[in-house]
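Below are the chains, spelled out letter by letter.
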Amino acid sequence: QVHVVESGGGLVQPGGSLRLSCAASGSIFRINDMGWYRQAPGKQRELVAIITRIGNTNYTTSVKGRFTISRDNAKNTVYLQMNSLKPEDTAVYYCNADGISSWFRPFGSWGQGTQVTVSS
């Protein structure tokens, strides 16, 4: 299997910053897209940001200008730098990776999530 593990969540005050990381490991031949999603209580899981293997990015409107997604292909790792955090950003943040396994079959893997709480 391909395992995905997030880290970096925590409690911050409004206006603060956090940097999330997500590392994929296991039977990986190639990772294509990696993305960050979040789910707040009573809300559907939404896409926050995605990044392709070649570095193209997309963000949901509410985080543009505040969040930056990046990746290190050599480490199979994706990052999410979150600045100017707002209480509305409070959610469980999940990482997703899709690609081709060592058995040359497509995969899509989710991490367990990391809690981000923005509160004064």
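A.B. asks: An account of the environment of Leu18 is needed here, citing residue identities and associated values.
C.D. replies: The topology assignment puts Leu18 in strand E3 (residues 18–26). Counting along the chain gives 17 residues from Leu18 to Gln1, while the straight-line C-alpha distance between them is 29 Å. In this view, Leu18 contacts Gly8, Gly9, Gly10, Val12, Leu80, Gln81, Met82, Leu85 and Val116; residues no more than four positions away in its chain are not counted.

A.B. asks: So, the pairing of strand E1 (residues 2–7): which residues are in play, and what are the values?
C.D. replies: The alternating pattern of E1 places Val2, Val4 and Glu6 on a buried face, while none of His3, Val5 and Ser7, on the opposite face, is buried. Sheet topology note: the E1/E3 ladder contains six bridges and is antiparallel. In the sheet register, Val5 faces E3, and the bridge partner there is Ala23.

A.B. asks: An account of the packing of aromatic side chains is needed here, citing residue identities and associated values.
C.D. replies: Going through the model one piece at a time under the given rule, you end up with two aromatic pairs. Its guanidinium or amino end placed over the ring of Tyr94, Arg45 lies 3.8 Å from that ring's centre, counting from NZ or CZ. The lysine or arginine in question, Arg45, covers the ring of Trp110, its NZ or CZ lying 4.7 Å from the ring centre.

A.B. asks: Could you give an account of the nonpolar core, with specific residues and numbers?
C.D. replies: Formed by 28 residues in total, the largest nonpolar core has its most connected members in Trp36, Val48, Phe67, Val78, Leu80, Met82 and Tyr93. Counting residues per element, the ones that place at least two in this core are E1, E3, strand E4 (28–39), strand E5 (46–51), strand E7 (67–72), strand E8 (77–82), strand E9 (91–101) and strand E11 (114–118).

A.B. asks: So what's going on with the environment of Ile54? Which residues, and what values?
C.D. replies: Relative to the helices and strands, Ile54 resides in the loop between E5 and strand E6 (57–59). The sequence separation of Ile54 and Val2 amounts to 52 residues, and the corresponding C-alpha distance is 21 Å.

A.B. asks: Talk me through the state of the cysteines; I want residue IDs and the actual numbers.
C.D. replies: All told, the structure shown has one disulfide when counted by the stated rule. Disulfide partner of Cys22: Cys95, at an S-S distance of 2.0 Å. Residues Cys22 and Cys95 are joined by a disulfide whose S-S torsion is about -85 degrees; by sign, that bridge is left-handed. Of this pair, Cys22 sits in strand E3 while Cys95 sits in strand E9, placing them 73 residues apart in sequence.

A.B. asks: Give a description of the sheet that holds E1 that names residues and reports values.
C.D. replies: Taken in spatial order, the four strands line up as E1-E3-E8-E7 in an open sheet, and their pairing is antiparallel. Edge strands, defined here as strands with exactly one partner in the open sheet, are E1 and E7. Mean inter-strand twist for the sheet, computed between neighbouring axes without regard to direction, equals 15 degrees.

A.B. asks: Which residues make up the pairing of E4, and what values go with them?
C.D. replies: Summarising the sheet, E4 and E9 pair through nine bridges and their orientation is antiparallel. Residue pairing in the sheet places Gly35 in a bridge with Asn96 of E9. Note that E4 and E5 share five bridges and pair antiparallel. Across the sheet, Met34 pairs through a bridge with Ile51, a residue of E5.

Cut-offs applied
- All residue numbers refer to position in the chain's written sequence, counted from 1.
- Residue-level local features of this predicted model are given only where pLDDT is at least 70; pairs of side-chain atoms are given and counted only at 80 or more, and the full residue set underlies all totals for whole chains, interfaces and linings.
- Heavy atoms from the whole structure form the basis of all side-chain values; hydrogens and water molecules are not counted.
- Runs of E in the DSSP output that reach at least two residues are strands. Runs of H or I that reach at least four are helices, and both are numbered from the N terminus.
- Throughout, a contact is declared for two residues whenever any of their heavy atoms are within 4.5 Å.
- Relative accessible area decides the class of each residue, using a 1.4 Å probe on protein chains only: under 20% of the type maximum gives buried, over 50% gives exposed, and in between gives partly exposed.
- For two strands to be treated as a pair, DSSP must find no fewer than two bridges joining them.
- Only Phe, Tyr and Trp rings are paired, with Trp represented by its six-membered ring, and only when their centres lie within 6.5 Å; those with planes under 30 degrees apart are stacked, over 60 edge-to-face, the remainder tilted.
- Counted as over-ring charges are cases with an Arg CZ or a Lys NZ within 6 Å of the ring centre that also lie within 35 degrees of the ring normal.
- As used in this record, nonpolar core signifies buried Ala, Val, Leu, Ile, Met, Phe, Trp, Tyr and Cys residues forming a set joined through side-chain atoms within 4.5 Å.
- A pair of cysteine sulfur atoms is labelled a disulfide when the two atoms are within 2.5 Å.
- For every element, the axis is a line fit to its C-alpha atoms; helices are fit only across the contacting stretch, and the angle between N-to-C directions ranges from 0 to 180 degrees.

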